[in-house]
Amino acid sequence: MTKPSDIQARLRLFRYGLVVIVAVTFLISLLAPYAALRFVNTGGVAVPPITDFLGTAILYTIIVSVVAILAYYAYRYVLKNTTNKDHMQEQ
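None of these values were measured; they are calculated from a predicted model.

Enquirer: Where do I start with the nonpolar core in this structure?
Expert: Nonpolar side chains in soluble globular proteins tend to be buried together. Listed in full, the seven residues of the largest apolar core are Ile 7, Leu 11, Leu 18, Val 22, Ala 68, Tyr 72 and Leu 79. Those residues within four positions of Val 22 in sequence are excluded, and the remaining contacts are Thr 61, Val 64, Ser 65 and Ala 68.

Enquirer: Honestly, the environment of Tyr 75 in this entry has me stumped. Any pointers?
Expert: Following the sequence through the fold, Tyr 75 ends up in helix H2 (residues 54–90). Once the C-alpha coordinates of Tyr 75 and Leu 11 are considered, the two residues, 64 residues apart in sequence, prove to be 8.1 Å apart. Once residues within four sequence positions are removed from consideration, Tyr 75 is found in contact with Arg 10, Leu 11 and Phe 14.

Here is what the cut-offs are and how they apply
Residues numbered from 1 in each chain as written. Predicted model: local features only at pLDDT ≥ 70, side-chain atom pairs only at ≥ 80, totals over all residues. Heavy atoms only, no water. Core = buried A, V, L, I, M, F, W, Y, C linked by side-chain atoms within 4.5 Å. Buried < 20%, exposed > 50% of the residue type's maximum accessible area, 1.4 Å probe, protein only. Contact = heavy atoms within 4.5 Å. Helix = DSSP H or I, 4+ residues; strand = E, 2+ residues; numbered from the N terminus.

And the structure:
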């Protein structure tokens with residue numbers, strides 16, 4: 001049987017993992033285009049400022065955040081329902 005403290009620990013760990021995924025998404029979507037365009041400076045073209053990619057990074061972060069929230073609530077629903085079924089079968 002899964003204890004309520006185990007459920008809370010699993011949900012906390014999953015939540016922290018999702019926060020890390022959202023933060024990494026923001027950093028990668030902000031820095032990757034900037035790093036990829038660093039070579040244009042050798043051709044005499046000015047490198048666009050990093051703030052040009054901020055809108056896209058925020059958009060990707062919002063999309064990943066919404067998916068993460070849906071995944072968290074789906075995992076919470078499944079975890080609590082399977083625990084309730086296990087608890088009812090034991091009694």
